[in-house]
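Summary of structural features
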Amino acid sequence: MTSTSAGAVRIAAAAAHFGRSLEFDLQRVTTIVQHARDAGASLLVLPDGALGGYLPDLRQPDPAALPPALEPDDPVLLRVGAAAGAMVVCVGYCEAAEGGGRYDAAVAVSGDGVLGRHRKVHRPPGEADAYLAGDGFTAFDSPVGRLGMLVDYDKVFPESARALAVDGAEVIASLCAWPTRVGARVSRLSQDRQSRLFDLYDCARAAENQVVLASANQTGSYGGLRFVGQAKVVGPGGEVLARTWAKAGLAVAEVDVAGEVGAARRGVDHLAGRRPGAYASLVGVPR
């Protein structure tokens with residue numbers, strides 16, 4: 001394992017393709033975990049749908065074509081934890097809801113078991129027919145510090161990452177199956193609006209909360225969707241520290257999380273400067 005400087009950790013975000021075969025996906029996850037370990041990573045963030053894939057269509061999801069729904073304690077998740085060992089691995093999957101239905105979910109695991117969970121709160125149009133909505137954002141302690149997770153569309157909303165930062169998260173893992181603009185094909189990903197927004201949201205959520213953000217995403221195509229890749233690690237000033245562009249691979253960056261976050265907040269602390277009383281009207285629904 002490659003050594004890091006005192007106080008620093010290596011964070012890896014993956015861009016990779018996953019499909020419906022859980023066994024294939026698990027083998028790919030295990031391979032990526034090993035690559036991250038070889039790179040000296042202490043935290044690995046994998047895409048949404050890394051276990052069982054994502055939806056093939058966002059406009060009218062076919063109930064018969066949904067990802068396999070896993071129980072929260074499914075042995076597949078425990079196998080990811082066993083592969084992770086001392087590393088923290090965040091992985092996205094479809095979770096079976098008690099009483100029926102399913103969630104687009106993420107779990108953080110290590111060899112010690114489950115460290116934290118998140119159910120996607122925000123659903124884009126069409127996805128509401130496939131998934132239930134989660135109900136909150138909670139940070140949790142981990143061997144790499146206090147960590148929070150977002151799934152896909154969650155990162156569009158500033159309140160999502162802000163809630164995690166207020167709860168003490170210094171690292172946010174963003175797990176995505178983020179496609180190009182549906183129904184508007186372009187020859188180059190750089191010309192695609194959703195590709196540009198994917199990068200913009202990553203940098204904005206890191207900078208406005210002065211946290212480290214690790215963004216993973218799927219690559220390739222599935223059904224009618226083409227995924228943009230672009231996994232990256234972003235520093236608390238919004239600077240991209242490492243990225244994969246559109247191809248599959250690992251973005252790996254060495255970060256002194258506490259040091260970098262502390263330095264960013266010593267001059268102007270965005271969290272301390274908030275005026276919650278002035279935002280009360282934001283609770284309402286726009287007319």
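Positions within a chain are numbered from 1, following the residues in the order the chain's sequence is written. In view of the model being predicted, local features appear only for residues whose pLDDT reaches at least 70, and side-chain atom pairs are presented and counted only at 80 or more, with totals across whole chains, interfaces and linings using the full set of residues. Side-chain metrics rest on all non-hydrogen atoms present in the structure, leaving aside hydrogens and water.

**Some details on the packing of aromatic side chains**
Any two rings among Phe, Tyr and Trp, with Trp reduced to its six-membered ring, count as a pair given centres within 6.5 Å; such a pair is stacked if its planes are under 30 degrees apart, edge-to-face if over 60, and tilted if neither. What the rule picks out here adds up to four aromatic pairs. Between Trp178 and Phe198 the ring centres are 5.5 Å apart and the planes differ by 65 degrees, which places this aromatic pair in the edge-to-face class. Of this pair, Trp178 sits in the loop between strand S8 (171–176) and helix H4 (193–209) while Phe198 sits in helix H4, and the two are 20 residues apart along the sequence. Partly exposed describes any residue whose relative accessible area lies between the buried limit of under 20% and the exposed limit of over 50%, with all areas from a 1.4 Å probe on protein chains only and scaled to the type maximum. When its relative accessible area of 0% is taken as the criterion, Phe198 is described as buried. Measuring from ring centre to ring centre gives 6.1 Å for Trp178 and Tyr201, while their planes differ by 65 degrees; the resulting arrangement is edge-to-face. Here Tyr201 lies in helix H4 and Trp178 lies in the loop between S8 and H4, a separation of 23 residues in the sequence. Of the two residues, Trp178 and Tyr201, both sit in the buried class. Strands are runs of DSSP state E lasting at least two residues, helices are runs of H or I lasting at least four, and both sets are numbered from the N terminus onward.

**Overview of the side chain of Asn209**
Residue position: Asn209 is located in helix H4. Here a polar contact is recorded for every N or O atom pair within 3.5 Å, except that within protein the pair must consist of a potential hydrogen donor and a potential acceptor, and residues adjacent in sequence are included only if both atoms are side-chain atoms. Polar contacts involving the side chain of Asn209 include one to the main-chain carbonyl oxygen of Arg205, which spans 3.0 Å. In what follows, a contact means two residues having at least one pair of non-hydrogen atoms within 4.5 Å. In this structure Asn209 touches Ala161, Arg162, Ala165, Arg265 and Leu271, once residues within four positions along its chain are discounted.

**Here's the deal with the packing of helix H3 (residues 158–166) against H4**
Only the stretch in contact is used when fitting a helix axis, every axis being a line fitted to C-alpha atoms; angles between N-to-C directions are given from 0 to 180 degrees. Running from N to C, H3 and H4 cross one another at 40 degrees; their axes reach a closest spacing of 10 Å. What the angle tells us is that H3 and H4 run oblique. Crossing angle aside, the handedness with which H3 passes H4 is right-handed. The residues of H4 that touch H3, namely those facing Pro158, Ala161, Arg162 and Ala165, are Arg205, Glu208 and Asn209. Just so you know how the angles are binned, under 35 degrees is roughly parallel, over 145 roughly antiparallel, 65 to 115 roughly perpendicular, and the rest oblique. The handedness criterion is simple: a crossing whose near helix is rotated anticlockwise from the far helix by less than a right angle is left-handed, and one whose near helix is rotated clockwise is right-handed.

**Looking at unusual backbone geometry**
For Gln210, which is not a glycine, the phi torsion comes out positive at approximately 55 degrees. Assignment of secondary structure puts Gln210 in the loop between H4 and strand S9 (212–218). Overall, Gln210 belongs to the buried group, its relative accessible area being 3%. Of note, the phi angle at Trp245 is positive, near 60 degrees, even though the residue is not glycine. Tracing the backbone through its elements, the reader meets Trp245 in the loop between strand S13 (240–243) and strand S14 (249–255). What makes Trp245 exposed here is its relative accessible area of 57%.

**Description of the pairing of strand S1 (residues 9–16)**
Residues in a regular strand point their side chains to alternate faces of the sheet. For S1, a buried count of seven out of eight residues is recorded, marking the element as mostly surrounded by other parts of the structure. One requirement defines pairing of two strands: DSSP has to find at least two bridges between them. Bridge count for S1 against S14 is seven bridges, and the pairing is antiparallel. Residue pairing across strands places Ile11 opposite Ala253, the latter belonging to S14. The sheet contact formed by S1 and strand S2 (residues 43–45) spans three bridges and is parallel. Bridging from a neighbouring strand, Ile11 pairs with Leu43 of S2. When the strands point away from the viewer and the connection leading from the first strand across the helix to the second strand turns clockwise, the crossover is called right-handed. Since S1 and S2 lie parallel, the crossover through helix H1 (residues 22–38) that links them has a hand, and here it is right-handed. Pairing analysis gives two bridges linking S1 to S9, with the strands arranged parallel. Its bridge partner lying in S9, Ala16 is registered against Gln218.

**A look at the nonpolar core**
Considering soluble globular proteins, one finds that nonpolar side chains tend to be buried as a cluster. Each nonpolar core is a collection of buried residues, namely Ala, Val, Leu, Ile, Met, Phe, Trp, Tyr and Cys, held together in the definition by side-chain atoms within 4.5 Å. Counting 28 residues, the largest nonpolar core has Ile11, Leu43, Val45, Cys90 and Met149 as the members making the most contacts within it. Those residues within four positions of Ile11 in sequence are excluded, and the remaining contacts are Leu43, Val171, Val212, Ala214, Val233, Ala251, Val252, Ala253 and Val257. With 26 residues, the next largest nonpolar core counts Leu26, Ile32, Leu70 and Val76 among its residues.

**Re the pattern of salt bridges**
The rule for a salt bridge is simple: a side-chain nitrogen of Lys or Arg has to be within 4 Å of a carboxyl oxygen of Asp or Glu. In total, this model carries 14 salt bridges according to the counting rule given. Between Lys120 and Asp152 there is a salt bridge whose closest N-O contact spans 3.6 Å. Highlighted residues: Lys120 in the loop between strand S5 (113–119) and strand S6 (140–142) and Asp152 in the loop between strand S7 (145–151) and H3, separated in sequence by 32 residues. The exposure classification of Lys120 matches that of Asp152, with both residues buried. In this structure, Asp202 and Lys155 form a salt bridge, with 2.6 Å as the shortest nitrogen-oxygen distance. With Asp202 in helix H4 and Lys155 in the loop between S7 and H3, this pair connects stretches of sequence that are 47 residues apart. Looking at Lys155, the relative accessible area reads 0%, which means it is buried.

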